[in-house]
Amino acid sequence: MRTRAGLLRSAIIAFAFVSCEAPYVRTNPYDPNVPVTITITGPDTLFSAFEVGTYTATTAPAFPDSALAWPGVGDPGRSTGLQNTGPPLWPATATVRVQAAIGAIDTTVAHAAGNSVIVQTIQLYRHTADKSVVVTQRLVRIPLRCPDVHACTPISVGGTDSVWVDGFDALNQPLYRPPGTPLNPLNGTPIATFVLRDPSIASLVPVGIRVVAVNALKPGTTWLVATRATLTDSLQIVVH
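What you are looking at is a predicted structure, and each value in this text was computed from that prediction instead of being measured.

Definitions and limits used
- One numbering rule holds for all chains: residues counted from 1, following each sequence as written.
- Local features in this predicted model are restricted to residues whose pLDDT is 70 or higher, and side-chain atom pairs enter the listing and the counts only when it is 80 or higher, whereas totals over whole chains, interfaces and linings include all residues.
- Hydrogens are left out, water is left out, and the side-chain values use all remaining heavy atoms of the structure.
- Aromatic pairing here means that ring centres of Phe, Tyr or Trp (its six-membered ring) are within 6.5 Å. Orientation follows from the plane angle: under 30 degrees is stacked, over 60 is edge-to-face, and everything else is tilted.
- Strands here are runs of E lasting at least two residues and helices are runs of H or I lasting at least four, both read from the DSSP assignment and numbered beginning at the N terminus.
- Exposure classes here rest on a 1.4 Å probe applied to the protein chains alone. A residue is buried below 20% of its type maximum, exposed above 50%, and partly exposed in between.
- When the NZ atom of lysine or the CZ atom of arginine is within 6 Å of a ring's centre and also within 35 degrees of its normal, the charge is said to sit over that ring.
- The criterion is simple. A nonpolar core is a set of buried Ala, Val, Leu, Ile, Met, Phe, Trp, Tyr and Cys residues joined through side-chain atoms within 4.5 Å.
- A pair of strands counts as paired when DSSP detects no fewer than two bridges linking them.
- Fitted lines through C-alpha atoms serve as axes, helices being fitted only where they are in contact, and the angles separating the N-to-C directions of these axes extend from 0 to 180 degrees.
- Cysteine sulfur pairs qualify as disulfides if the two atoms are within 2.5 Å.

(A) Representation of the packing of aromatic side chains. According to the stated counting rule, one finds two aromatic pairs in the structure shown. A ring pair is formed by phenylalanine 47 and tryptophan 90, whose centres lie 6.1 Å apart and whose planes are at 65°; its orientation type is edge-to-face. Residue phenylalanine 47 is located in the loop between strand S2 (45-46) and strand S3 (52-60), and its partner tryptophan 90 is located in the loop between strand S5 (79-83) and strand S6 (94-113); the two are separated by 43 residues in the primary sequence. Centroid distance phenylalanine 50 to tyrosine 176: 6.1 Å. Interplanar angle 65°. Geometry classified as edge-to-face. With phenylalanine 50 in the loop between S2 and S3 and tyrosine 176 in the loop between strand S11 (168-169) and strand S12 (193-196), this pair connects stretches of sequence that are 126 residues apart. Residue classification places tyrosine 176 among the partly exposed residues on the basis of a relative accessible area of 27%. Over the aromatic face of phenylalanine 47 sits the side chain of arginine 138, whose NZ or CZ is 3.8 Å from the ring centroid. In this structure, arginine 138 is placed above the aromatic ring of tryptophan 90, and the distance from its NZ or CZ to the ring centre is 5.9 Å.

(B) How the structure looks around the nonpolar core. Leu144, Val163, Val165, Phe194, Val214, Leu224 and Ile237 are the most contacted members of the largest nonpolar core, which has 25 residues in total. When residues of this core are assigned to their parent elements, the largest contribution, four residues, is made by strand S16 (residues 231-239).

(C) Quick peek at the sheet that holds S5. Strand order in this open sheet of three strands is S1-S3-S5, and the pairing throughout is antiparallel. Of all the strands in the sheet, the pair left with one neighbour each is strand S1 (37-41) and S5. Adjacent strand axes in the sheet meet at a mean angle of 25° when their direction is disregarded.

(D) Structural view of the state of the cysteines. Evaluated as defined, the whole model comprises one disulfide. Disulfide pairing places cysteine 146 opposite cysteine 152 at an S-S distance of 2.1 Å. Where cysteine 146 bonds to cysteine 152 through sulfur, the torsion about that S-S bond is close to 115°, and the disulfide is right-handed. For the pair shown, cysteine 146 and cysteine 152 are each scored as buried.

(E) Highlighting the sheet that holds S12. The strand order across the open sheet formed by three strands is S12-S15-S16, and the pairing between neighbours is antiparallel. The sheet is open, and its two edges are formed by S12 and S16, each paired on a single side. Going across the sheet, the axis of each strand differs from the next one's by a mean of 20°, ignoring polarity. Two strands pair when backbone bridges link them, and S12 and strand S15 (residues 220-228) are joined in this way by four bridges, in the antiparallel orientation. Residue pairing for S15: threonine 193 is matched across the bridge by threonine 227.

Limitation: the analysis is restricted to geometry and does not speak to function.
Right under this line is the structure:
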């Protein structure tokens, strides 16, 4: 027959055994020791200027949508959008980062500024995940104009005309250029290469990265062809 003391000892031993086998599960996202996995899904590359990519985050274990944050990108929530602003021209690319986070904490940092020390409060996160996104602008059309319409008026022998090449991506956005930069920078990689099918009729002189001067040599008709990778366009050149 068990005594009350014996029963109490048995209960304590059983409780200790259960505690070792099934420890309390930590679920507080502010605890750095809580194992949290954040997975970000969305496009790996944005090919058009001002294109918006949508990115979604899932967590294991699951947390409410309001617990997720997108530092530097968007408001709290399960998904956010990233806009392709200021992309380089393909094949040049740049890489930006999308970050999803859980467990925001405020912390104080100090740094020297001359003879002073500046103290700031910044926000950090207990758990984060990153996704690298390649941004660029890939052209799908390179129309020519001479200089304002897709046609050239006849040129007299000894005369000159200017032909411009434009570029548009899949969203019909024109060639991106940073605000304040010229329409036709004099230095840089040309947008297209130009050739004349009959160089005896006229000659070409490149001007900057988007313009070519056509110099009329003798009466006749030829075609000016612009090429960029697999993209082409052409204009008829008439000299009289």
